[in-house]
Protein chains: 2
Amino acid sequence: VPQIESLLGRLARVVGPTNVITDPDLAKPYVIERRGRYTSLPQAIIRPASTAQVVEIMMLCHQAGVRIVPQGGNTGLTGATVAAPGEIIMQLGRMNRIRSLDARNFSVEVEAGVVLADLQRAAAEQGCHFPLSLAAEGSCQIGGNISTNAGGVSVLHYGNARELVLGLEVVLSDGRVWNGMRKLRKNNTGYDLKHLFIGAEGTLGIITAAMLRLFPAHVRQATAWVGLSNVDDALRLLAKLEDRYSGELTALELVPRVALDMVRGRWPDLIDPIAAIYPYYALVELTSPAPGADLRDGLGDLLAEMAEDGCVRDGVLAHNAEQTKTLWSLRERISEAQGYFGGSIKHDISVPRSRIPAFMRAAADAVGRAMPGVVIVAFGHLGDGNLHYNLSQPVGMDRADFLNRWEEMNRVVHDLVVLHGGSIAAEHGIGLARRDELARYTASVELDMMRALRSAVDPDGLLNPGKVIDLPSR
Amino acid sequence: VPQIESLLGRLARVVGPTNVITDPDLAKPYVIERRGRYTSLPQAIIRPASTAQVVEIMMLCHQAGVRIVPQGGNTGLTGATVAAPGEIIMQLGRMNRIRSLDARNFSVEVEAGVVLADLQRAAAEQGCHFPLSLAAEGSCQIGGNISTNAGGVSVLHYGNARELVLGLEVVLSDGRVWNGMRKLRKNNTGYDLKHLFIGAEGTLGIITAAMLRLFPAHVRQATAWVGLSNVDDALRLLAKLEDRYSGELTALELVPRVALDMVRGRWPDLIDPIAAIYPYYALVELTSPAPGADLRDGLGDLLAEMAEDGCVRDGVLAHNAEQTKTLWSLRERISEAQGYFGGSIKHDISVPRSRIPAFMRAAADAVGRAMPGVVIVAFGHLGDGNLHYNLSQPVGMDRADFLNRWEEMNRVVHDLVVLHGGSIAAEHGIGLARRDELARYTASVELDMMRALRSAVDPDGLLNPGKVIDLPSR
């Protein structure tokens, strides 16, 4: 196929031959998806080192009509960076420069391939705080975080990735660059294009760099692990915390006992923070960048008050950074532990917080009827109304049989999510995994608008084909 | 013209004959723009009472090819709701219901025509706080606030109107309804369409209702009026406040002495809060929804510390609600006072905060050279980097001669804004007044994208024609 060879040859002249990967062994980190549900079959993986190289690549691919799948750390959970035969994966990991950091303006300019944890560290070194934080932060890249509008554990206070973006640099499908790298807090000059690209999963343009907000570093912190009887009490605790610590409440994560059992089953050395067993736990974190009263004392008092009401059953406070890390690791290892004990059918849902108890009752009932013995592992960002409502296989059921019922169980859960005014994709995005469900649960006027926007911005359909929303075949 | 008569007749059957206004006297509140720079010449003003009526109107107008200019309180400052001959103004003031308020979820569902101050009051009655606040709040409407992504005096803490929107209901140009009335804090199901309509000034759809965020009501507050030697010191004060009160700092407004002189010249009964005269003043407000130490004591201590450094020259704290209101009224009356003393050429600019002193020096120099004796009245939202860099006519200059140089002086100021990485439309939007400047200062790739989006969403060009961005003539 001379045309394709010629394209790869020309691409190799742009990025250097070692950065056009066709060898299956070298391609592995980019083509195997984390959960193993999809495998990519791209004609090549290309790794540009600069925006100028991305431009040249897009111009060449546009000319050749070759489709491009942008990829960051390949840590996504919805197959959004999976490539079909003939497509090219553009992996942005070499674009990992922090271009500048302005501590006075609380802003930082980064390339798309900067690893999230590296950005957190760079901010901390300048006395600032970059608040986006999630389990994959050691390998996910900021371009992917923005493209999926990533959530994580401090959304309650700082918002999703979207809220942290001041400006973007984006290469369009024809190779033109939109330079929207603004540092401004206020700007009403026409349509706010950055919001179009944030969360678009690479279907509208390739984010090559971003101007991001920074915050003052914390000087006070308190972290507690709290035993609770039920989810209603967790919401009561949340309301009380918001009353008293609206400016300081950074995280409230829900951990059901079954999840803690899985984590301790997988890593027996990990210690149960509370001796007695409760149906639910909340991991609570307060932080403040300003001096003031000890937050641990205040949080301890609040928990004691709520213990008198019977809302809080028990609680422990972390007394140093090491203990804080230990409490968080119990939360962060749930997903991996769940995988260790068999198949897991995943959901990433949100409902209005006030609807959570009703949703959880209805969902427990419905999934139990659909699959007797199924184990519900519903955990996560209660403060945002966002739960990872995961299902583990019933004891004795075959793993493959269980996983074959993925779509069916998704349907049971998602029907109830929609009934309760919720979202079937709260923070992980749509990708391939949720595309058909998006179409199912979304009104046609909304689908039409999404298609019209996609066609308007990428008229040749070259960017991340098949993801988020299908286009009419041409 | 039988076709048009027939359309108005059919519209009258939808909304009732008294709500299709063609009488010039009755039309006055809707066709005369606040600053008197534009006059509308619509064939009619139509006032629907429900989303269903908006749908019928849009279907009829779409069929007839008649263009629609949506209008709220008609308080905008850029001519965004001005209608050309043959167009119809759709005024949404009758849609003024608060559909529901969920204090537990901190959300409220409102129709587009709700007056901002009414919404603030309704939230307060339920123990909540709706933070959008601006001088026109007694008559501006929430639909207009969202359509212009309004700013105001508490952006520093709560963000622009955009940040307060959870969901929207929008009628498209062909009469279809997009129901995006979500209550969710987290939702990544495809492109986030609400952000397209926010700040689009009615060019992409007609916002008929919104789901908005609420916040806990304040229980502590401190307001101070601070005398300063220069803008650098105002920025130093800001940095100190953000260090110590990052969670409580709600507003920092800059008031130059010349502005205070104008306000006191116009309303001689108003008292100068500080006896001595300083070149600049800052109006500082701290608020908190949580109990704790008295914020006035804390703010007083901080000002005293900064007085020792020489940064703060003097300051007074409001000791009750009445005094707080008095201090704010000095700030809020600047615009009106400036108008009383002659012509005023307006700018609504932002630059990164760290660039403000350099911008102000350069701009003072440039406008002084372009028009000797011009009076610079640069005031406003220093905390956001957003100043209303207004110019008053030199003593003795004819008002009309001065105002005839509007575009020329805009150019002088805006060239410097762009040079300092700023925005020529920080919070008022583009409308007609800034449309040609938007085109001048914006890269062609960005203009092309905006045009493509507009054509994709409103292919017949029926919505608010001529505003924000021109389309290729058809």
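Residues numbered from 1 in each chain as written. Chains lettered and ligands numbered in written order. Predicted model: local features only at pLDDT ≥ 70, side-chain atom pairs only at ≥ 80, totals over all residues. Heavy atoms only, no water.

## Regarding the relation of the copies chain B and chain A
Now for step 1: Rotating chain B by 180 degrees about the axis while translating it 0.0 Å along that axis superimposes it on chain A, leaving an RMSD of 0.0 Å. Within this description, the copies of the chain are treated as partners about a two-fold rotation axis. In terms of C-alpha distance to the rotation axis, chain B has G247 of chain B as its closest residue, with the C-alpha 2.7 Å off the axis.
Now for step 2: Comparing contact sets, 100% of the residues at the interface of chain B also lie at the interface in chain A, consistent with an isologous, same-surface contact. (Least-squares fit on C-alpha atoms with pLDDT ≥ 70 in both. Contact = heavy atoms within 4.5 Å.)

## Let's talk about the state of the cysteines
Cysteine pairs can be covalently joined through their sulfur atoms, and such a bond is termed a disulfide.
Residue and element names in this part refer to chain A.
Now for step 1: Under the defined criterion, the tally for this structure stands at 0 disulfides over all chains.
Now for step 2: Here C140 stays unpaired: no disulfide links it, and the sulfur of C128, its closest cysteine neighbor, is 20 Å away.
Now for step 3: C140 gets classed as buried once you look at its relative accessible area, which sits at 3%. (Disulfide = S-S within 2.5 Å. Buried < 20%, exposed > 50% of the residue type's maximum accessible area, 1.4 Å probe, protein only.)

## Brief notes about the packing of aromatic side chains
Aromatic ring pairs are defined here through the distance separating the ring centres and the angle between the ring planes.
All names here are of chain B.
Now for step 1: Under the defined criterion, the tally for this structure stands at 11 aromatic pairs over all chains.
Now for step 2: For the ring pair Y158 and F215, a centre distance of 4.8 Å and an interplane angle of 65 degrees mean the geometry is edge-to-face. Linking Y158 in helix α6 (residues 155–158) with F215 in strand β11 (residues 215–216), this pair joins segments that are 57 residues apart in sequence. Comparing Y158 with F215, the two get one shared label, buried.
Now for step 3: When the ring of Y340 is compared with that of F341, the centres are 5.1 Å apart and the planes differ by 90 degrees; the resulting orientation is edge-to-face. (Phe/Tyr/Trp six-rings, centres within 6.5 Å; stacked < 30°, edge-to-face > 60°. Helix = DSSP H or I, 4+ residues; strand = E, 2+ residues; numbered from the N terminus.)

## What to know about the confidence of the model for chain A
Close inspection of predicted coordinates is inappropriate in any region flagged by low pLDDT.
Now for step 1: Here chain A shows a mean pLDDT of 95. Residues at 70 or above account for 98%.
Now for step 2: Among the scores for the predicted complex, ipTM is 0.95 and pTM is 0.96. (pLDDT = per-residue confidence, 0-100.)

## Section: the packing of helix α17 (residues 444–457) of chain A against helix α17 (residues 444–457) of chain B
Now for step 1: Where α17 of chain A contacts α17 of chain B, the axes come no closer than 9 Å and their chain directions differ by 145 degrees. For the pair α17 of chain A and α17 of chain B, the sense of crossing is right-handed. Here A452, L453, A456 and V457 of chain A of α17 of chain A lie close against α17 of chain B, whose contacting residues are A452, L453, A456 and V457 of chain B.
Now for step 2: By residue class, the composition of the contact of α17 of chain A with α17 of chain B is 8 nonpolar, no polar and no charged. (Axes fitted to C-alpha atoms, helices over the stretch in contact; angles between N-to-C directions. Left-handed = near helix turned anticlockwise from the far one by under 90°. Nonpolar A, V, L, I, M, F, W, Y, C, P; charged D, E, K, R; others polar.)

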